[in-house]
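Spelled out, the chains give:
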Amino acid sequence: MIDAQTLPLPDFPKVRYSAWQLDALSPSQATYETPQFLTDESGIEVSGLTTTYLALSADLQAQGVRLTSLMAAQKQWPELVADLMHRVIPATADRLTAQNAVQYNTGIFLYIPAHVVVPDVLHLVLNQLALTGDDLVARLLIYVGAHAKVSLLQQLNTIGDQKTKASVVIELIAAADAQVNYANLDQFGPQTTAYINRQAQINDRATVDCANVAFSDGQVLTELRSHANGEGATTHVCVSALTYQKQTQGFVTAVQNVGRHSVGHIFQRGVILNKSTLVFNGIGRIIKGAKGADAQQESRVLMLSRRARGDANPLLLIDENDVTAGHAASVGRVDEQQLYYLMSRGLSQTVARRLVIRGFLGDVLAALPTPSARQRVIAEIERKLQDEQ
Amino acid sequence: MTTLRIENLHVAVSGKEILKGVNLTVKTGEMHAIMGPNGTGKSTLSQTIMGHPAYEITAGHIYLDAQDLSDLPVDARARAGLFLAMQYPSEIQGVTNAEFMRAAINARRPEDQQMGIMAFIEQLDEKREFLGMTEEMADRYLNAGFSGGEKKRNEILQMMMIQPKIAILDEIDSGLDIDALKVVSRGVNHMRSKDFGTLMITHYQRLLDYIVPDYVHVMMGGKIVKTGDAALAQKLEAEGYAGLRDELGLDIVLTDEDADQYVEVAHD
């Protein structure tokens, strides 16, 4: 048995979160009746302990694709789940991860066998039920087999308005030559204090492209880590975050180049409103022996309020000579020239400013796999900017 | 009829005086061209009319009919009927061309008379085809990844969609090959009517072969030093600006230094 409390808290430089009490969780037992977000999409929706929606084509089922709640998967395929779990994130990595490993009671399991090409976007929706004061403690486990190809849209939402916490650990394994598009839309509610740990293991010649949209309303710690272990493993990690009111969002976005000729690119964009705080820590690490590896990162933060706080800290740790690496970071204000251009066509300053801000986040918008996901993000940007006035 | 009237306009950028008393009147139904060497303040004039915040009016006035423009912010000037086709249009990701143009059109209309999506697309298709632009451009992000020529066409497309009263075209010929120049000129000529006036700014006479102006003004040293008809442009092409300067007995040093560089400095 792991004793989580003896392990250190994860390191989120420049984020003060000790008062958030993320290391004291009481897993919620709440259940739910109906789906809230999915209607006719391929995918699964899990609310609290209940699977409220599940749709997977007969064809994919016949090819061996497995999509269920994590608890159901553990009953049906115990060896498989046990074999895959903790491969990417060790149970004892830090206190919050360990605690999740000990206490999780819900989640999602997706297994895509080798050579399966999934034609539709698969939706993986996990909803926290903030109906009592108890917390969400969940895991997602995703395996994409060799040469398989899939586009995933993963969502985190809150139903209810009680003050709670959420701990979500997500492991993604991309086997050799797999191609994965992984987009996530994090939208926990204002009363939710969350810890999200999302990590991918990328094997030989596999590609994992991530679009991480962090639009939760409350306090959030997000760790995004890609392990480019295989030869020629490639990952592009796009992060788009919007903070408003008094919330704080802290990120550690890391790519570890282990494989020769592996490629890890981090691209982060953040918009900070009101009295909120946003901290981007970007880490590119190249391990000795990862010859020909490429580690790049760019973090840009737009500060829209004098009372806001923003940080973009790039870090490159390189133990190999034969590599390429670079970083750029900036904290700035709205581009006056863009604003002028839009206003010169008759758009009011308010509308022009919104479009410029949306444009700033635009690269990530473009990476979302469905029009409805893009619309949702655009609506969220509008809503949070409304609040600014 | 709408009249843009510029009276004794003095403009400074970062404390340096660029325009030193410009007088000019442009009415709807008229095509004006301003020519002049580099660094003489042509772009400064266009940006000042539109209301770019980096350009400070130190003396004089700009009127659109009875309205003094110094009272109006950029967006209100646009809604009052002004349009500026820019030399360097901004690129904005995440906002499609179509969405942007419809927003610009609807910004001019009352709440209960907004242009619907179908009517908009119909108009857009017609004008887009007229300018030889592809269908997919509507869904592309505003100027993002557009070539120089595509950006210029897009400026003209916006002008055709918005239907301003007075359009200022700031070096729309720069960076265009001859085919693109013809297309862009076709767009401007198509707009020619008694309800539309234009002020074209150019270095070269070539543009004026395709869009024949009613008036040609020559700007040097921050002032308009000579006004004539289309023949003046031909003469300039033959004799150069130095020839005209000497003929007028002006004491101006011609330089390739562009006044706009001061704006760039101010932005840094």
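These numbers were taken from a predicted model, which means no experiment stands behind them.

Student: In this structure, what is going on with the interface of chain A and chain B? I would like to understand it.
Tutor: Interface size is commonly expressed as the accessible area that is lost once the parts come together. Chain A puts 20 residues into the contact, and the matching count from chain B is 21 residues. Element by element, the count of residues in the side of chain A that touches chain B is highest for helix α6 (residues 349-360) of chain A, at six residues.

Student: What's the story with the pairing of strand β4 (residues 106-112) of chain A in this structure? I'm lost.
Tutor: Two faces belong to every sheet, and in a regular strand the side chains alternate between them. Residues and elements named next belong to chain A. For β4, a buried count of seven out of seven residues is recorded, marking the element as mostly surrounded by other parts of the structure. Residues T106, I108, L110 and I112 point to one face of β4 and G107, F109 and Y111 to the other, with burial holding for every one of them. Pairing of strand β3 (residues 66-69) with β4 involves four bridges; the strand directions are antiparallel. For L67, the partnering residue across the bridge sits in β4 and is L110. Looking at chain direction, β4 and strand β6 (residues 136-144) are connected through seven bridges and run parallel. Considered in β6, the bridge of Y111 is made with Y143.

Student: Sorry if this is basic, but what is going on with the environment of V351(A) here?
Tutor: Residues and elements named next belong to chain A. If you trace the backbone, V351 turns up in helix α6. Residue class for V351 comes out partly exposed when judged on the 17 C-beta atoms lying within 10 Å of it. A sequence separation of 322 residues divides V351 from Q29, and the C-alpha atoms of the two residues are 44 Å apart.

Student: Looking at this structure, how should I read the nonpolar core?
Tutor: The tendency in soluble globular proteins is for nonpolar side chains to be buried side by side. Residue and element names in this part refer to chain A. Of all hydrophobic cores here, the largest spans 185 residues; its most connected members are V144 and A174. Take this core: its biggest share by element is eight residues, from β6. Excluding residues within four positions of it along the chain, V144 makes contact with I112, V150, I173, A174, A175, A178 and V180.

Student: Where do I start with the sheet that holds strand β11 (residues 207-214) of chain A in this structure?
Tutor: What links the strands of a sheet is backbone hydrogen bonding, and the strands pair in either a parallel or an antiparallel sense. All names here are of chain A. What the 10 strands build is an open sheet, ordered β2-β1-β5-β7-β9-β11-β13-β15-β17-β19; its pairing is mixed. The strands lining the two open edges of the sheet, one partner per strand, are β2 (50-55) and β19 (324-332). Going across the sheet, the axis of each strand differs from the next one's by a mean of 10°, ignoring polarity. Bridging between strand β15 (residues 263-272) and strand β17 (residues 294-303) involves 10 bridges; their strand directions are parallel. Looking at the pairing, G264 lines up with A295 of β17. Lying over the sheet, helix α8 (residues 371-386) contacts β7 (149-159), β9 (179-187), β11 and β13 (234-243), oriented at roughly 30° with respect to β9.

Student: So what exactly am I meant to see when it comes to the UniProt feature "domain: SUF system FeS cluster assembly SufBD core" (unreviewed entry) in chain A here?
Tutor: The sites that carry the UniProt feature "domain: SUF system FeS cluster assembly SufBD core" (unreviewed entry) are, in the present numbering, residues 136-360 of chain A. Helix makes up 9% of residues 136-360 of chain A and strand makes up 61%, while its end C-alpha atoms are separated by 32 Å.

Student: Looking at this model, I keep getting lost on the packing of helix α5 (residues 148-162) of chain B against helix α6 (residues 178-191) of chain B. Mind explaining?
Tutor: Packed helices, taken two at a time, are described by the angle their axes make and the gap between the axes. Residues and elements named next belong to chain B. Here α5 crosses α6 at 10°, and the two axes come no closer than 10 Å. As summarised for this structure, α5 and α6 are arranged roughly parallel, according to the angle between their axes. Of the residues in α6, those touching α5 at G149, K152, R153, I156, M159 and M160 are A180, V183, V184, G187, V188 and M191. Within the contact of α5 with α6, the residues separate by chemical class into eight nonpolar, two polar and two charged.

Student: Just to check I follow, could you spell out the packing of helix α3 (residues 97-106) of chain B against α5(B) for this structure?
Tutor: Residues and elements named next belong to chain B. One can describe the packing of α3 onto α5 by two numbers: an axis separation of 10 Å at closest approach and a directional angle of 35°. Note that α3 runs across α5; the crossing there is right-handed. Seen from α3, the contacting residues are N97, M101, A104 and I105; seen from α5, they are N154, Q158, M161 and I162.

Student: Quick question: what am I supposed to make of the UniProt feature "domain: ABC transporter" (unreviewed entry) in chain B here?
Tutor: The positions UniProt marks with the feature "domain: ABC transporter" (unreviewed entry) are residues 4-246 of chain B. From the first C-alpha to the last, residues 4-246 of chain B spans 31 Å; its make-up is 37% helix and 30% strand.

Student: Help me understand the UniProt feature "domain: SUF system FeS cluster assembly SufBD N-terminal" (unreviewed entry) in chain A, please; the structure alone is not making it clear to me.
Tutor: Residues given the UniProt feature "domain: SUF system FeS cluster assembly SufBD N-terminal" (unreviewed entry) here are residues 62-121 of chain A. Across residues 62-121 of chain A, helical content stands at 40% and strand content at 27%; the span's end C-alpha atoms are separated by 18 Å.

Student: Mind showing me how you'd approach the pairing of strand β6 (residues 82-85) of chain B here?
Tutor: Residues and elements named next belong to chain B. Taking every second residue as pointing to the same face, both faces of β6 are buried, with L82 and L84 on one and F83 and A85 on the other. Pairing between β6 and strand β9 (residues 166-170): four bridges, direction parallel. The residue of β9 that forms the bridge with A85 is L169.

Student: I'm lost on helix α4 (residues 117-130) of chain B in this one. Help?
Tutor: Three or four residues apart is the spacing at which side chains of an α-helix point the same way, because the helix has 3.6 residues per turn. Its 14 residues place the ends of α4(B) 20 Å apart at the C-alpha level, agreeing with the 20 Å of an ideal helix rising 1.5 Å per residue. Just beyond α4(B), the residue with positive phi is G132(B), at close to 65°.

Reading the values: the criteria
Residues numbered from 1 in each chain as written. Chains lettered and ligands numbered in written order. Predicted model: local features only at pLDDT ≥ 70, side-chain atom pairs only at ≥ 80, totals over all residues. Contact = placed C-beta atoms within 7 Å. Helix = DSSP H or I, 4+ residues; strand = E, 2+ residues; numbered from the N terminus. Buried ≥ 20, exposed ≤ 12 C-beta atoms within 10 Å, placed from the backbone. Pairing = 2+ DSSP bridges. Core = buried A, V, L, I, M, F, W, Y, C linked by C-beta atoms within 7 Å. Axes fitted to C-alpha atoms, helices over the stretch in contact; angles between N-to-C directions. UniProt positions renumbered as here; feature names shortened; annotations may be inferred. Parallel < 35°, antiparallel > 145°, perpendicular 65-115°, else oblique. Nonpolar A, V, L, I, M, F, W, Y, C, P; charged D, E, K, R; others polar. Left-handed = near helix turned anticlockwise from the far one by under 90°. Expected span 1.5 Å × (residues − 1).

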